[in-house]
Amino acid sequence: MSTSDPGSTSGEPLRRRKRKDYSLLVLAAGIFLFGAVAAATYYVLRPVTLRVAVGPAGSDDEKLIKALAQAFTHEGSPVRLAPIVTEGTTESIALLAASKADMAVARGDLDLPASATSVAILRKNVVVLWAPSGLPAKGSRKPPAPKIKELGDLAGHRVGVIGRTQANVTLLRVILTESGVNPDKVAVTQFGTSQLAELARDPAIDAFMAVGPLASKITTEAIAVTAKARGEPKFLPIDVSDAIAQKHPLYESEEIPGSVFSSSPARPEDKVDTVSVNHLIIAPKSLSDTTVGTFVRQLFAIRGELAKEVPGAAKIEKPDTDKDAALPAHQGAAAYIDGTERTFLEKYSDYIWGVILLLSGLGSAGVWLRHYLNRNEREKITLHRDNLLTMISKVRQAESEEELTAMQGEVDGILGEALDCYDDGGIEEGDLSAIGLVLEQFHHAVADRRFAMGAAAPDLPRMRAL
């Protein structure tokens, strides 16, 4: 029984060629699997770029976000930033609401999207209210007394508010209402941040209001120019700051330290009660918890070093993670801050075990399929084994050397086919051992028959069971 392929031009056995093709197929599958794993790893570990809407151009916010973006890129951080410069916070919020930005820089008391959450507090914007004391009369050494000494005196007067945003006017009305002053009896005129000189010269303005960080150059300059044009400032305390914070959670009670705007003369002379509103980075709830958590970790890891370049970075704070906070923290940020971040295995253990079980199932299915597809091979080998047992009986009845030689040739073919089936995985080692045992008995029978026939038995080695 020949195992060669008569139609092969190279003379290579067909089974051997099939085994080569199978090996190449396994190699190709391995390369494909390796490529798939490499691609998946790259996809998971590739840097994530977040679009951050911030404005206006040239503002401290824009400088801070751009400095963060450069620092993250320089450090090779897994989360990168792509600043989108806008005309102001209103446009930044609109881009976030339209999903054209992943995060935005905005004040907490603006009209934020319902899905907005807090990622990090960049600074606290404090309210500074002051009234001019008036310039002293020529030759008089007595300092003039200010017309407005407290918030209650603002009724019937006009307040100059620095900044065009409606949020400042809304905040002023809240302060007046809680202080017992009808806000409709207080006139308001808004000035741009570039109109401080005009603000100071306007005689219709009886008091001034600025909202910004304590280190704001705009607030400090506004106090200085109004002091020069209208006399030393009388800072108006917001005595009901605690009540405002209780009724309006977006605002917080704060204190303005003495001499924070000037040490000589001291402005203010002593601490002043006021309210503040957070200026922060916001993101929608739908933004990946892992991405936000990684961003917050990077932010606070680099904050100290960044403060050398951008002093405002030192004011960055963690958001309030209380569930009843007016603006809740993003889940990713809260997990990092509260120390409840899950490890890689904790996050993906279900998927990992699922893949393992799937592979195990596929392996079992593959073994069963292989066993099923090779059933013909096993049946053939069983038939050959039975034929060998029959041939042993025929050997004992052989009458000539030619019959024995012919049967040995047929047995050699059976052995070759059995070895091919073993190499192809069609039969197991136990099946091959059984064939070997029968072959050994066959060769013993041939030797015994030759001896019985009086022929010189060839010096054949005894075959061991395979």
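Here the structure is shown first, and the text comes after it.
Residues numbered from 1 in each chain as written. Predicted model: local features only at pLDDT ≥ 70, side-chain atom pairs only at ≥ 80, totals over all residues. Heavy atoms only, no water.

Remarks on the overall build of the protein chain
Move 1: Secondary structure summary: the protein chain contains 13 helices and twelve strands in total.
Move 2: Residue burial in the protein chain is summarised as follows: out of 466 residues, 39% are buried.
Move 3: Summed over its atoms, the accessible surface of the protein chain is roughly 26400 Å², and 55% of this surface lies on carbon and sulfur atoms. (Helix = DSSP H or I, 4+ residues; strand = E, 2+ residues; numbered from the N terminus. Buried < 20%, exposed > 50% of the residue type's maximum accessible area, 1.4 Å probe, protein only. Areas by Shrake-Rupley, 256 points an atom, 1.4 Å probe, with all protein chains shown as cover.)

Side note on the pairing of strand β5 (residues 158-162)
Move 1: Most of β5 is tucked away, with four of its five residues classed as buried.
Move 2: Two strands pair when backbone bridges link them, and β5 and strand β6 (residues 187-191) are joined in this way by five bridges, in the parallel orientation. Looking at β6, one finds that Val159 is bridged to Val188.
Move 3: For the crossover from β5 across helix α4 (residues 166-178) to β6, the handedness is right-handed. (Pairing = 2+ DSSP bridges. Right-handed = clockwise from strand over helix to strand, strands pointing away.)

Some details on unusual backbone geometry
Move 1: Here the residue pair Gly55 and Pro56 is connected by a cis peptide bond, since its omega of 0 degrees sits within 30 degrees of zero.
Move 2: Counting through the fold element by element, Pro56 comes out in the loop between β1 (48-54) and α2 (60-75).
Move 3: The amide bond that connects Arg267 to the next residue, Pro268, takes the cis arrangement and shows omega of -10 degrees.
Move 4: Along the chain, Pro268 turns up in the loop between β11 (266-267) and β12 (272-284).
Move 5: Despite not being glycine, Ser99 shows a phi value in the positive range, around 60 degrees.
Move 6: Mapped onto the fold, Ser99 is located in the loop between α3 (89-97) and β3 (103-107).
Move 7: Non-glycine residue Ser259 carries a positive phi angle of around 65 degrees.
Move 8: Position of Ser259 relative to the elements: it lies in the loop between β9 (251-256) and β10 (262-263).
Move 9: By relative accessible area, Ser259 is classed as partly exposed at 32%.

Observations regarding a nonpolar patch on the surface
Move 1: Together, Val355, Leu358, Leu359 and Leu362 make up a nonpolar patch on the protein surface, roughly 400 Å² of accessible area in all.
Move 2: Following the sequence through the fold, Val355 ends up in helix α10 (residues 344-373). (Patch = residues over 30% accessible without salt bridge, like charges linked within 9 Å, V, L, I, M, F, W, Y side chains within 5 Å. Salt bridge = Lys/Arg side-chain N within 4 Å of Asp/Glu carboxyl O.)

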